[in-house]
Every structure is written in structure tokens, then in C-alpha cells.
Amino acid sequence: MRVFEALNELTRRFSACGIESARTDARLLTAFAMKLSPVSLKMHPETEISEEALKKLQEYAARRENREPVSKILGTRGFWSLDFKVSADVLDPRPDSETIIETVLSLFPDRSSPLEVLDLGTGSGCLALSVLAEYRNASATGVDVSDKALSIAVENAKTNGLSDRFFSVCADWRKDGWTSFFKNQGYDLIISNPPYIAESERESLEPEVLNFDPPEALFGGADGLFAYRRLAPFLPVLLKRGGAGVFEFGKGQENKVKEIFESVGLKFGGFGTDLGGIVRCITVFC
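(A) Quick look at the pairing of strand β8 (residues 267–273). Two strands pair when backbone bridges link them, and β8 and strand β9 (residues 279–285) are joined in this way by six bridges, in the antiparallel orientation. Looking at the pairing, Gly-270 lines up with Thr-283 of β9.

If you want it as C-alpha cells, here you go:
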């Protein structure tokens, strides 16, 4: 089978499954199976696919037809300026979350600032490590309840040359005493993409999310706001005076999240909007 034939077949199969990015996914998986770049496929569509590569491609195609995300099949996902290893143990980084990094850059324009950063629910480490990539003198502590997620974050730090400035802590903010691991003097910046999907929205999620992202990284209780209510009272303690917190939330949650943070004495610093025009994150100050 030649490349263009494989692409046409996979595009048809993926489209039949309701996958909107069928052609793109077909190209990425074919390139991955053949150990080539997608650009090479486009330039040489007549290339014959080896028997070994075709076998791998059929395996990848079956997984995609089962709605497993391409990133989980490839085992990697690009976010901001870095590439991150991903697995079933971590939330797949989304472009929407890059709004947090954009907001941080606007809050701290001096890239030489020695920021001390706390990332709550770090997962793959994409937020903390993206901040470290922008601030050469910063250090970050990534917190997660999952040892498996933390191991991936640590691996991503090493792969991206940031392991000397990234530290991991296994802690569960649902339990008392979870802040005992952290700095007494507080942090300059706290960032987080906490679970914010309401349980009532479970059945409306795409299979790529519902079946392949860890549920503890998705669901935030009956109304999706459990994590904000739980974390808010600790922020005045964890943040330095004048420090900033930047938190992601779901569509339409901005006013409720703002009320939760203001109820513990935090000062509202504005909302951040993603590329789709959706209000996606909040800034608060201690």
C-alpha cells in the first residue's frame, strides 16, 4: 500500500466514526508508523509502506477508531513551546490552557524574575514547565495526587532540560494537612488547571475526553466548583503578599469562581480569554 492510499482509507474510516480531524489524524498516524515527518508524506505520497509499518498503522488506526486521542497514541503532545510525554495517567494538555501562560507573561514582564511557582494539579507538568521555559531564573513545585502523573511530569522536566528547577510533591488537597509540604514564606505565583467539569456534564463529553483522560483531573463535583472552594482558603497562606494566582475554569464559570476567591479576601485581577473568545482563566492577588 502506498502513502496516499493509506491516507484515503484512514480518512474514510475516521470520518465514518465522526472524527472531524480525520485527514490530519490519518497523516499523523501514518507518519508515526513509518517513522517519518508529516511533511515527508505530503512530498512523497507515492511511497510504499513497509509491511512492518503497515501493521503498526492498522493498530494505531483501530485505536483511533475507538476514539483514543492521537496524542495518547503518539505518546506526546505539544504545548506552548515544548513537547510533553502524555499517557492515560495525565490530562491531555489543551491549547485553551495556554491562556494561563499568556496571562503569567503579562503579569511578570521581566523574564529574569526569580519566580517561585506552585502548580496545583500539575499532571504532565505542562503549565509549570512552560513557565520555567520562559523564566530562566524561576523554580517550580508541581503538586499532584497521582504518583504516576508526577513521574511523567518529572520525566518531562528532564526531557526539556528543566529538571534542576522543577520539584514534585505528592499531596491531596482534599485532605487536611496537605499544605505542610510547602514553603512557609509563600510563592510568587500559583497556577492551576483544576478539575472543573460538573458531574451532570459527564455524558456530554467527547469519548476522547471521557474515556482517555483521568477522571480525577476532569470532574469537580456536582457543579464543577469543588476544587475552587477547597483551594481558595489556602491561597492567602500559600501566596506571598502581592503574589498572584492564575486559575483556569470552564465556560460560564467565571463569575462563580470570582465570588469564591473574593470571599476569602483575594483581590480580583481580571479574566483571561482563549483564542476562541471564551473567558478561560482568572487572576487573583493576595
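(B) Representation of the side chain of Asp-274 within the structure. Secondary-structure assignment places Asp-274 in the loop between β8 and β9. Take Asp-274: its relative accessible area is 8%, and that puts it in the buried class. Residue contacts for Asp-274: discarding those within four places in its chain leaves Asp-96, Thr-99 and Arg-280.

(C) View of unusual backbone geometry. Positioned with a positive phi, Lys-35 is a non-glycine residue whose angle comes to about 60°. Structurally, the position occupied by Lys-35 is in the loop between α2 (22–34) and α3 (38–43). Judged by relative accessible area, which is 68%, Lys-35 ranks as exposed.

(D) Molecular detail of the packing of helix α6 (residues 98–107) against helix α7 (residues 126–134). The geometry of α6 relative to α7 is characterised by a closest axis approach of 10 Å and an angle of 35° between their N-to-C directions. The crossing of α6 and α7 is right-handed. Within the contact between the two elements, α6 uses Ile-100, Ile-101 and Leu-105 and α7 uses Leu-127, Ser-130, Val-131 and Glu-134.

Rules and cut-offs
- Residues numbered from 1 in each chain as written.
- Predicted model: local features only at pLDDT ≥ 70, side-chain atom pairs only at ≥ 80, totals over all residues.
- Heavy atoms only, no water.
- Pairing = 2+ DSSP bridges.
- Helix = DSSP H or I, 4+ residues; strand = E, 2+ residues; numbered from the N terminus.
- Buried < 20%, exposed > 50% of the residue type's maximum accessible area, 1.4 Å probe, protein only.
- Contact = heavy atoms within 4.5 Å.
- Axes fitted to C-alpha atoms, helices over the stretch in contact; angles between N-to-C directions.
- Left-handed = near helix turned anticlockwise from the far one by under 90°.

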